[in-house]
Amino acid sequence: MTIKGVLFDFSGTLFRIESADSWLRAVLGELEVALPDWESGSAAEALERAGALPGGAHPGEVPGHLAGLWAVRDRSAELHRAAYTGLAREVPLPDQRLYDALYDRHMTPPAWQPYADAAEVLAGLRERGIRVAVVSNIGWDLRPVFRAHGLDPYVDAYVLSYEHEIQKPDTRLFALACDALGVDPRDTLMVGDDRGADGGAAGLGCAVHFVDHLPVDRRPDALRPVLGLVG
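Since this is a predicted model, take the numbers as computed values, not measurements.

## Here's the deal with the environment of Ile-17
Consideration 1: With respect to the helices and strands, Ile-17 occurs in strand E2 (residues 15–17).
Consideration 2: We classify Ile-17 as buried; its relative accessible area is 6%.
Consideration 3: Sequence separation between Ile-17 and His-106 is 89 residues, and the spatial gap between their C-alpha atoms is 7.6 Å.
Consideration 4: Once residues lying within four places of it in the same chain are set aside, the contact partners of Ile-17 are Leu-53, Pro-54, Gly-55, Gly-56, His-106, Ala-111 and Trp-112.

Structure, rendered in structure tokens:
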């Protein structure tokens, strides 16, 4: 197989969301809501357990009244916001404005950090003439995050679930990405952190490579093997 195109997942693959503590503290500061450190820390832990931070830990258990919404959360911007603010509202917070503000915060470039080797690998693929697409289950436009962190010039196409109302592992989303790049799925490598969602690319004939969804400081070079895989 000669790899002509590489598809990358976003969260947990090329970028990592900030910690729940940083996420909550940023919004508390923005809204000028004062909380003692111990209370803020406790609330951040509860929000993380609830799975309320998009890109963070999945909920240990989705409340029954949110289960249907959770299953289709990445099919539209409205469903995505409703699912995550719904999970956040399972955690008592001192100001009702916080729930929507927390959701808004996670869509901003400062909330995300690229993995240390992301730019190196994307630049290496560009030098080799290999086309790149980002394929993400998501409910908002992540392009500004790539632009703000200087990675947008290395991406040829973005295929986002909410723009097509299709979620991974549905092979149709990967097919759209391959079409956007003008490459055959059999000449394409999918790189992601979710064996269930990203593994769906194998059903289309793509090769698949997985990385671990870890904090940035614990995963300095997991993307580098991609350059070896493409030759």
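## Points about the pattern of salt bridges
Consideration 1: All told, the structure shown has 17 salt bridges when counted by the stated rule.
Consideration 2: Notably, a salt bridge pairs Arg-25 with Asp-21, separated by 2.9 Å at the nearest N-O pair. Linking Arg-25 with Asp-21, this pair stays in helix H1 (residues 20–31), spanning four residues, or about one helical turn.
Consideration 3: In this structure, Arg-97 engages Asp-95 in a salt bridge whose closest nitrogen and oxygen atoms are separated by 2.9 Å.
Consideration 4: On the basis of relative accessibility, which here comes to 46%, the residue Arg-97 falls in the partly exposed class.
Consideration 5: One network of salt bridges, in which partners are shared, links Arg-81, Arg-89, Asp-100 and Asp-104.

## Section: the sheet that holds strand E5 (residues 157–160)
Across a sheet, paired strands are connected by hydrogen bonds in the backbone, their directions being either parallel or antiparallel.
Consideration 1: Read across the sheet, five strands follow the order E5-E4-E1-E6-E7 without closing on themselves; strand pairing throughout is parallel. Here the strands that pair on one side only, and so sit at the sheet edges, are E5 and strand E7 (207–210). Within this sheet the neighbouring strands show an average axis-to-axis angle of 20 degrees, counted without direction.
Consideration 2: Strand direction decides the pairing type here: strand E4 (residues 131–136) and E5, joined by four bridges, are parallel. Note on E5: the bridge partner recorded for Val-135 is Val-159.
Consideration 3: Packing against the sheet, helix H6 (residues 118–127) makes contact with strand E1 (5–8) and E4, and its axis sits at approximately 155 degrees to E1.
Consideration 4: Docked against the sheet, helix H9 (residues 171–181) engages E1, E4, E5 and strand E6 (188–192), running at close to 155 degrees with respect to E4.

## Topic: the pairing of E5
Consideration 1: The side-chain alternation of E5 yields two buried faces, one formed by Ala-157 and Val-159 and the other by Tyr-158 and Leu-160.
Consideration 2: After leaving E4, the chain enters helix H7 (residues 143–148) and then returns to the sheet as E5, a path that is right-handed.

Conventions adopted
Residues numbered from 1 in each chain as written. Predicted model: local features only at pLDDT ≥ 70, side-chain atom pairs only at ≥ 80, totals over all residues. Heavy atoms only, no water. Helix = DSSP H or I, 4+ residues; strand = E, 2+ residues; numbered from the N terminus. Buried < 20%, exposed > 50% of the residue type's maximum accessible area, 1.4 Å probe, protein only. Contact = heavy atoms within 4.5 Å. Salt bridge = Lys/Arg side-chain N within 4 Å of Asp/Glu carboxyl O. Pairing = 2+ DSSP bridges. Axes fitted to C-alpha atoms, helices over the stretch in contact; angles between N-to-C directions. Right-handed = clockwise from strand over helix to strand, strands pointing away.

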